[in-house]
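# Coordinate inspection notes
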Amino acid sequence: MRKMQDARGLDQLIEAGSSGYFPLFYQDWIHESFSDTQQFKKMSFSSAAETVHRVYRQIECHHSIERKKTAIQALKVDERKDFVLSFMKMVEYRALDRLRELH
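Now for a description of the structure that goes with this document. (Residues numbered from 1 in each chain as written. Predicted model: local features only at pLDDT ≥ 70, side-chain atom pairs only at ≥ 80, totals over all residues. Heavy atoms only, no water.)

## A few points about helix 5 (residues 65–73)
- Of the positions making up helix 5, those classed as buried are Lys 68, Lys 69, Ala 71 and Ile 72. Looking down the long axis of helix 5, one finds its buried residues gathered within 160° of arc, a one-sided arrangement. (Buried < 20%, exposed > 50% of the residue type's maximum accessible area, 1.4 Å probe, protein only. Helix = DSSP H or I, 4+ residues; strand = E, 2+ residues; numbered from the N terminus. Arc of directions from axis to C-beta.)

See the structure below:
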């Protein structure tokens, strides 16, 4: 039951991201992560999903968004950048999947 709730929590965050709302991240983290856009372009969905699920498992025990942000802030800078880019890749795939459904 707990895993289902956590999966829903991540799914809700990805859904919010596809609407342009990113409660897990400070704007500075997003800008910092996209300073090298080549890494984002090369990233596959499967590696992005793996990274997001791995990090989310570390922070899911925190119930509030603010505590999750604090846990993300405690990550090494490169790990945080990778998580942000991976999360954005999952949001991108969700948006593209929706577009395909509309056609």
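## Considerations on helix 4 (residues 45–59)
- Its 15 residues give helix 4 an end-to-end C-alpha distance of 21 Å, which sits within 8% of 21 Å, the value for a rise of 1.5 Å per residue.
- Of all the positions in helix 4, only Ala 48, Ala 49, Thr 51, Val 52, Val 55, Tyr 56 and Ile 59 are classed as buried. Along the long axis of helix 4, the arc covered by the buried residues comes to 165°, so they all point the same way. More than 90 degrees from the buried face of helix 4, the exposed residues found are Ser 46, Glu 50 and Arg 57. (Expected span 1.5 Å × (residues − 1).)

## Side note on the side chain of Ser 33
- Considering the arrangement of structural elements, one finds Ser 33 in helix 2 (residues 27–33).
- Ser 33 gets classed as buried once you look at its relative accessible area, which sits at 3%.
- Side-chain polar atoms of Ser 33 contact the backbone oxygen of Trp 29, separated by 2.7 Å.
- For Ser 33, the contacting residues outside a window of four places in its chain are Lys 81, Val 84 and Leu 85. (Polar contact = N/O pair within 3.5 Å; in protein donor to acceptor, adjacent residues only side chain to side chain. Contact = heavy atoms within 4.5 Å.)

Structural measurements only, silent on function.
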